[in-house]
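Breakdown of the fold
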Amino acid sequence: LGASAARFDVDALAEGTSSSDLLLERAARGAGSGSVLVVDRQTAGRGRRGRQWASSPDASLTFSLLWRFDGGVERLAGLSLAVGVGVANALAALGVRGAALKWPNDVLLAGRKLAGVLVELSSERRGMVAVIGIGINLLPPPADAALDAPPAALADALPALPERHALLAELLLALAPALDRFAADGFPALRDEWQALHAWQDAPVRVLRDGRVELEGVCRGADADGALLVDTARGVERCLSGDLSLRAA
Ligand code: ATP
């Protein structure tokens, strides 16, 4: 990691429930900002709303990064979008072309999910701690995984796969500046970049809640809080992530 190495404290486990669950426990015990936990074989990998994240030691990189922020939870609006920008920048540095972001937390390649981001927050006496979980497919996930849609993998996009430690290093090197900019100026600092990477910017979309269509319209990006803006027949509506899912219309 070169000069930035001092910012990270990387630990790896051959097996564990999920990198985020384990790092959340370490955060509660005082682990420092920049702590990274890689779990090669996750027995309970999670996405949003307790959904499963499929991974295997050969096919995936699954890790979590702990980052502390000053101020209250309102300062962290849009953090998962800022993380997406960092991941996309790392992929570009690795030579992956055409990675796109899907609000609020996925990284797509040719419209398929290549990586997932799961941001979990807790408040501390002097600020907030974020545990940022990232799962990225090097190869397609196991065939028996229950997926809503066909996934993407780095192997689709690169002539040779990077070593997992090199991929981790690239991700951390790109995440640190994105998180620093976010810490200084919030999501507005990264908003233009996020919108340039957004898969359905200015395109027709549907917003689903529990699988049912809640909104339909043209996606107009995200506001300063990272809320999705959808231009509907009733005017522009703001969607806060929670239990909403975005689809192309
Ligand atoms: P959406 O926004 O489309 O509703 P989501 O953001 O809720 O999706 P996540 O919670 O981030 O999805 O991820 C969990 C979902 O991702 C699973 O339900 C599964 O369909 C899919 N998934 C799980 N593992 C992988 C994987 N390794 N690669 C691609 N997709 C996966």
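In this report, we go over the structure that sits alongside the text. (Residues numbered from 1 in each chain as written. Predicted model: local features only at pLDDT ≥ 70, side-chain atom pairs only at ≥ 80, totals over all residues. Heavy atoms only, no water.)

So, on to the layout of surface pockets. Considering only enclosed or pocket space, the largest pocket measures out at about 870 Å³ in volume. Lining the largest pocket we find 44 residues, and of these Arg51, Trp53, Asp106, Lys113 and Asp148 sit closest to its centre. Secondary structure elements with two or more residues in the lining of the largest pocket: helix H1 (19-28), strand E3 (60-69), strand E5 (106-109), strand E6 (112-124), strand E7 (127-137) and strand E12 (244-248). Considering each element in turn, the lining of the largest pocket owes the most residues, 5 residues, to E6. Two domains each put at least three residues into the lining of the largest pocket: domain 1 (2-197) and domain 2 (204-248). The computed volume of the second largest pocket comes to approximately 410 Å³. Elements that contribute at least two residues to the lining of the second largest pocket include exactly helix H2 (79-93), E6 and strand E11 (235-239). Broken down by element, the lining of the second largest pocket gets its largest block of residues, 4 residues, from E6. (1 Å grid on protein atoms, 1.4 Å probe; cavity = no way out; pocket = protein on both sides within 12 Å on 5 of 7 lines; lining within 4 Å. Points joined across faces, edges and corners; volume = space filled by probe spheres on them. Helix = DSSP H or I, 4+ residues; strand = E, 2+ residues; numbered from the N terminus. Domains from an automatic or database assignment.)

It is worth spelling out unusual backbone geometry at this point. Each neighbour pair has its own omega, and for tryptophan 103 with proline 104 the value is -5°, a cis peptide bond. Residue position: proline 104 is located in the loop between strand E4 (99-102) and E5. Of note in this structure, arginine 49 is not a glycine but carries a positive phi near 50°. Structurally, arginine 49 can be placed in the loop between strand E2 (35-42) and E3. Phi at aspartate 210 takes a positive value of approximately 50°, unusual for a residue other than glycine. Inspection of the secondary structure assignment puts aspartate 210 in the loop between strand E8 (204-209) and strand E9 (212-222). Looking at aspartate 210, the relative accessible area reads 61%, which means it is exposed. (Buried < 20%, exposed > 50% of the residue type's maximum accessible area, 1.4 Å probe, protein only.)

These figures capture arrangement, not role.
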